Structure formats: C-alpha cells, structure tokens
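# Understanding the architecture of this molecule
As a plain string of letters, each chain reads:
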Amino acid sequence: MSSVVSYTLAKCQKCLKCLRVCPVEAISIKDERVRINKGRCINCGRCIDACVNQGLQAKGSTLDDLDNYDIRIALIPTSLYGDCDDQKQIEELFATIKKFGFERVVDLSAYDGAVYEETYEYASKHTDDYIISSFCPVINRLIEVKYPMLLNNLMPLDLSAELAAQDIRSQYANFDGSVGIFLLCECMSKLPLAKYPYGESNSAIDHALAVVDLFPLISRSFSDEREQVDCCPEGIRMVTSGIFSDERYRPFTIVADGLEKVQLALDLAEFGQLKGVHYLHLSNCINGCIGGNLLWGNPFEGNIHMRQHLENAKGPTAEVHRILSAEQPAATQQAISMQERLAEFARVNAQLEQLPGYDCGACGFASCRIMAEEIVAGRQTLNHCRIRGQSEDES
Amino acid sequence: MIEMNYVIHREDYANAGKVSSQIKQLLKQIGIQSDLLRRIAVACYEAEINMIIHSYGGKISLNINDSEIKFSFVDIGPGIPDVQKALQPGWSTASEKAREFGFGAGMGLPNIKRMADEFELSSSESGTNLTIAFKVSV
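Summary of the structure given here. Computed from a prediction, not measured in an experiment: that's the story for all the values here.

## Structural notes on the overall build of chain B
The helix and strand inventory of chain B stands at five helices and five strands. If you list the helices and strands of chain B from N to C, you get β-α-α-β-β-α-α-α-β-β. Against the compact-globule benchmark of 14 Å for 138 residues, chain B has a radius of gyration of 14 Å, which places it among compact chains. C-alpha atoms of chain B, sized along the principal axes, occupy 45 × 30 × 25 Å. A burial count over chain B gives 49% of its 138 residues as buried. Counting contacts in chain B only where the partners sit at least 6 residues apart, residues at least 24 apart contribute 63% of the total. When the accessible surface of chain B is split by element, carbon and sulfur atoms take 49% of a total near 6700 Å². In chain B, 14 side chains carry a positive charge and 16 a negative one; their mean positions are 4 Å apart.

Quick look at the structure:
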C-alpha cells in the first residue's frame, strides 16, 4: 500500500498545516516544497482536510476507464446506503450507477457480512490475545507504522471489496474478453487498493473511483428504475457501530472510531491493559465506513439511515472462507546491530538537546526529534532551526 | 549503554502508566524488536502500577546495553509481607481505592515474571527491589 496523496506545488502556501496534523510524521518541507514519505503515509486524509488551498489531493480513476473493458462491473460499498433514505432510494441509486455503463453492479453488504461472520468465528477460536479488525486500510497501515507490536493481532482477512473482486473474477474464468472491476470508494484510503492491496500482492480490483466524483453525474441522471438490492444486516453492522446490537459480539468488543480514540485503544492494547476486551473494531472515519470522506452525507445522518435499513435488511452473507496465512506484512526492521542502534540513538539524543523541543515545524520537519535525525545524517545543520540557528548568528 | 531514571510517587493514580509510555516510546525509537517490546511494555506497566498502588514511592531505572534491557524498580517501603504469596496468581493486597480503579486483580507480579527473561525480587519493611532483564537477540 502506498500513499495516494498528490501534491501541487503551485497551490502550496507553505503554511505547515499539513505537517502539523500528520499523525505519523510523514510530511516534511524541504527546498520549499512538501515531501510525503510514501513509506510512512497511512492515507488518513488529515493533511488533505487541513490544506487551505487544495494543494494536497487524492484522486481515483475516472469513468473514461470503462472503455477499456468488454464487461464492466461496479462494486458498491455498503456505506453508500448511509446516503439513502430508504430501500427504494438504494435500489434507484444502484440502477443509476449501472446506467453509467456497467453490465453488473455488485452490492458489497453480503461480503461485509461475510467478514463480520468470519471475524466472529476467528475471534471465538483465538481467545488468548486481542483480535484487531482489519477492514480499515488506514488502521492497518497505522499499526504497521506506529504499533508494530500489534501487527500479529490484526484479523487475517482481506478487505471485503477484495474478497468480492476475487469471487467475481473467478465467475469469469472461462470468458475470453476483458473484465474490468471498478470499486466505488467511500474513503480515500481505498483508492490505492486497485494497485496496492493490503494482504495480497495482486489485487483483483482494476480501478478505484471516488464516490464523491460520481455525485454530479448521479444527481443529473438519477433514475426511477430500480435494481434489486438484498441488504445484508451483518454487512450494515460491519460498517457502522451496529456491532453493539449483536449479543454475540457485545460482551468482549470495543469500537473506536477516529484516530484519537483508535490510538488510545492501541496504546492500552500494547500494555495489555484492555481487560475483558477481546475484539477491537477500529476505523479511521467517524461512526465507521459511513463516515467516509468521499461520501455525500455525514456520519450522523448516515447512522440514522443505517438504523432504518438494518430493520428491513434480510439479505444473506456471501460465502467466503479465505483466512490469510499468519504471514503479515513484515515490519521494516533495519538490519543493523543493537550496538549501532544504541550509538545512533545516543547521537540523535545529543543533537536533540541542542534543539528547543517546541516541535514548531518551522524548520520543515514535524518534530525536533526528526530534525535531530536529519542533522545527525548530515542533511541539515543546526542553523536551519529558526530558534537556535538565529541565536547562533547573534552570538 | 543508555541509562534512564524515573521517579514514581505514592498513589499517583493520575499519572499511572506515563513512565511506561515514555519508556515504550524510547524503545520504539531505538528500534527494539516488536515481540520483545510487547513483553517489556506489559511487564514495565505492571511494575509501575504496582509501585504506585502498593509503595510509598520509588525509582525506576532502565539500563540498555548491546545484549540486555534491564529494569530495576526500587521503592522505600512498606515491603511485601510474603514474597512467595505475592507471586501466586490472584493473590492481592491492593486497597479498596486501588480496586475501584480496576487495579489489584493479583496478576501483576506473576505476569511480570512470565514476561521477563530474568526476575529477581527481594523485599523488607524498608523497601522492595525488583530487577527484571530481557535478552536482546542480535
């Protein structure tokens, strides 16, 4: 998985806002331009929200890509129900999207439901440690980058969209033409899935479209025709906090939405201090996937809609049994000895003592610690510090 | 060789876990292996909480060298009345106040012992001295 954030120099005001909000210190400003450390970026979207002039953006594919395939299939996320008032509107929305040029529109709620059931089964078998949900690509990356101790606690199951795409791909195994699978994305962290899936090296998804980019076309061409949609209740629970209305999950589950809550939960989990908790249901977006930043509605209205949909939903879950092997993406452990690591740490600390410790970001680095590392590496000098650098000149 | 010292105050529940968080952060910065770090984090947290709940206050020292990460938790009393019993799972002398905060399940010391590669505990009325060490595989 790589960063999906793109940068336009001409629109950048160098205001440092992106640098300050990044939860993983992936942003720096060097030589008058923003640099994103692709290996650290978790695609949470904070920098894009903070950017005052749209200098940072995340873009998906466009409908133009439909022309490259003989059969076009759209995968529609369950969270999109949150933008619909009732079942009729869901079915009209699906029909409208189909008219953009898709042969099939596939509802992902059955696959989200399958993940929900598989997760329960897995969590009830592995009771000796925490199980952390893996449906949110941001959280998966956050754990990889910042909480590597918990990497083995991630639920070893691919994303529902990936499971669906694999399933559909297999249905066309004997088809001679080309099949294009397009995932509609409710949040930007799913945009890079088509190229860089989590868990598997080759994604069955060809293109990722931002739902928000389709809204102008949807509102212009909204159809009163209907496409049958069998909303799966477990799928709805998966993408909201509806997991709490399930007696099976309730006794041992916590739900944390938004990066602040999530990080609090992960900090406690690292210390083994979530007693009585066994399953952690974590999402970057508020109220789960229905809070996705590429949707039209908001997570609060979405929650009300979802509660109503849940009452009527009777669709079955999909058949998937594809628990991944214990092989998780390995943490990038540098092949250097403990002795060298301690020496490096001591050098950085000695340098850090020269810096003011305000983490003001004016040097272009998110914290004094990173600046100290840069100085130790010989890429910066103390003079680049706006506070200590100047006092050096004066003396 | 890195040496760090931290002071722990009696019944300082408001800051419970802060020293362990700092130590965890420091060990992440050094780049300690994840599975080893998890054991250290759990043990260090338990020991810090023990000191806050049960002791009159004390000091945590951390020593890191090429082959080993070593902690000593030294407090100024009142001591553990029966060290053997304290090592049995479920045995606890935690106060009502501590239990209200959800501490005092009697798993602290047994857990620490399970996590550490080396474990040494001595106690008298004038204080308790817990030393734990973790081997670093290079």
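From this point, the narrative continues.
## Some remarks on the packing of helix H1 (residues 18-30) of chain B against helix H2 (residues 34-54) of chain B
Residues and elements named next belong to chain B. Taken N-terminus to C-terminus, the directions of H1 and H2 make an angle of 160°; their axes are 9 Å apart at the nearest point. On the basis of the axis angle, H1 is roughly antiparallel to H2. Handedness of the H1/H2 crossing: right-handed. Only Leu37, Ile40, Ala41, Cys44, Tyr45 and Glu48 of H2 make contact with H1, whose side of the interface consists of Lys18, Val19, Ser20, Ile23, Lys24, Leu27 and Lys28. Of the residues assigned to the contact of H1 with H2, the class counts are eight nonpolar, one polar and four charged.

## Quick look at the interface of chain B and chain A
Each side of the interface is counted separately: chain B has 24 residues, and chain A has 23 residues. Counting the surface lost from both chain B and chain A, the interface buries some 2100 Å², and carbon and sulfur atoms represent 61% of this. Where chain B touches chain A, the interface holds four salt bridges. B:Lys28 is the salt-bridge partner of A:Glu270, the closest N and O atoms lying 3.0 Å from each other. Elements supplying a minimum of two residues to the side of chain B that touches chain A: H1 and H2 of chain B. The class makeup of the residues in the side of chain B that touches chain A is 12 nonpolar, seven polar and five charged.

## What about the packing of helix H11 (residues 338-352) of chain A against helix H12 (residues 368-376) of chain A?
For any two helices packed against each other, the geometry comes down to the angle between their axes and how far apart the axes lie. Residues and elements named next belong to chain A. As a packed pair, H11 and H12 sit with axes 8 Å apart at the nearest point and diverge in direction by 115°. On the basis of the axis angle, H11 is roughly perpendicular to H12. Relative to H12, H11 is oriented so that their crossing is right-handed. On H12, the residues that touch Glu344, Phe345, Arg347, Val348, Asn349, Gln351 and Leu352 of H11 are Cys368, Arg369, Ala372, Glu373, Ile375 and Val376.

## Here's the deal with the nonpolar core
Most often, soluble globular proteins keep nonpolar side chains buried together rather than apart. If you look at the biggest cluster of nonpolar residues, it comprises 130 residues, and the most contacted ones within it are A:Leu56, A:Ile97 and A:Phe102. A total of seven residues in this core trace back to one element, the largest contributor, which is helix H4 (residues 109-125) of chain A. Listed in part, the 47 residues of the second largest apolar core include B:Leu37, B:Ile49, B:Ile52 and B:Ile132.

## A word on the pattern of salt bridges
This model, assessed by the stated rule, comprises 24 salt bridges over all chains. The partner of A:Asp129 in a salt bridge is B:Arg38, and the shortest N-O contact between them spans 3.2 Å. Here B:Arg38 lies in helix H2 and A:Asp129 lies in the loop between H4 and strand E7 (131-132), a pairing that spans two chains. Taken together, the salt bridges that share partners define one network made up of A:Asp267, A:Glu270, B:Lys24 and B:Lys28.

## Overview of the sheet that holds strand E11 (residues 279-283) of chain A
All names here are of chain A. Spatially, E7-E11-E10 is the arrangement adopted by the three strands of the open sheet, whose pairing is parallel. This sheet does not close on itself; its edge strands, each paired only once, are E7 and strand E10 (253-257). Alignment of E7 against E11, held across two bridges, turns out to be parallel. For Ile131, the partnering residue across the bridge sits in E11 and is Tyr279.

## Comments concerning the side chain of B:Thr131
Within the secondary structure, B:Thr131 is located in strand E5 (residues 127-135). Not counting residues within four places of it along the chain, the set of residues in contact with B:Thr131 comprises B:Lys70, B:Phe71, B:Ser72, B:Glu118, B:Phe119 and B:Glu120.

## A look at the sheet that holds strand E2 (residues 57-64) of chain B
Residue and element names in this part refer to chain B. The strand order across the open sheet formed by five strands is E1-E2-E3-E5-E4, and the pairing between neighbours is antiparallel. Strands at the two margins of the open sheet, each flanked by one partner only, are strand E1 (2-9) and strand E4 (118-124). For this sheet, the mean inter-axis angle between neighbouring strands, taken without regard to orientation, is 10°. As paired elements, E4 and E5 share seven bridges and run antiparallel to each other. The residue bridging Ser124 from the neighbouring strand is Gly127, located in E5. Docked against the sheet, H2 engages E1, E2, strand E3 (68-75) and E5, running at close to 5° with respect to E3.

## Topic: helix H10 (residues 299-312) of chain A
All names here are of chain A. End to end, H10 covers 20 Å across 14 residues, agreeing with the expected 20 Å (1.5 Å per residue, within 8%). Restricting attention to buried positions, one finds in H10 the residues Pro299, Gly302, Asn303, His305, Met306 and His309. If you follow the buried residues of H10, they end up packed against helix H3 (87-98) and helix H8 (233-238).

## What to know about the packing of aromatic side chains
For any pair of aromatic rings, the description consists of the separation of the ring centres together with the inter-plane angle of the planes. In this structure the tally under the stated criterion is 12 aromatic pairs over all chains. Measuring from ring centre to ring centre gives 6.1 Å for A:Tyr172 and A:Phe175, while their planes differ by 80°; the resulting arrangement is edge-to-face. Seen from their ring centres, A:Phe215 and A:Trp296 are 5.8 Å apart, and the 40° between their planes marks the pair as tilted. In this pair, A:Phe215 is assigned in helix H7 (residues 211-220) and A:Trp296 in the loop between E11 and H10, connecting sequence segments 81 residues apart. A residue is classified by how much of its surface remains accessible, and A:Phe215, at 15% relative accessible area, is buried. Looking at A:Trp296, the relative accessible area reads 65%, which means it is exposed. Put simply, the rings of A:Tyr116, A:Tyr120, A:Tyr249, A:Phe252 and A:Tyr279 pair up and form one aromatic cluster. Looking at B:Lys24, its charged tip hangs above the ring of A:Phe271, at a distance of 4.1 Å from the centre.

Rules of the game
- Residues numbered from 1 in each chain as written.
- Chains lettered and ligands numbered in written order.
- Predicted model: local features only at pLDDT ≥ 70, side-chain atom pairs only at ≥ 80, totals over all residues.
- Heavy atoms only, no water.
- Helix = DSSP H or I, 4+ residues; strand = E, 2+ residues; numbered from the N terminus.
- Rg over C-alpha atoms; globule rule 2.2 N^0.38 Å.
- Buried < 20%, exposed > 50% of the residue type's maximum accessible area, 1.4 Å probe, protein only.
- Contact = heavy atoms within 4.5 Å.
- Areas by Shrake-Rupley, 256 points an atom, 1.4 Å probe, with all protein chains shown as cover.
- Lys, Arg positive; Asp, Glu negative; His and termini not counted.
- Charge placed at Lys NZ, Arg CZ, Asp CG, Glu CD.
- Axes fitted to C-alpha atoms, helices over the stretch in contact; angles between N-to-C directions.
- Parallel < 35°, antiparallel > 145°, perpendicular 65-115°, else oblique.
- Left-handed = near helix turned anticlockwise from the far one by under 90°.
- Nonpolar A, V, L, I, M, F, W, Y, C, P; charged D, E, K, R; others polar.
- Buried area = accessible area lost by both parts, 1.4 Å probe.
- Salt bridge = Lys/Arg side-chain N within 4 Å of Asp/Glu carboxyl O.
- Core = buried A, V, L, I, M, F, W, Y, C linked by side-chain atoms within 4.5 Å.
- Pairing = 2+ DSSP bridges.
- Expected span 1.5 Å × (residues − 1).
- Phe/Tyr/Trp six-rings, centres within 6.5 Å; stacked < 30°, edge-to-face > 60°.
- Lys NZ or Arg CZ within 6 Å of the ring centre and 35° of its normal.

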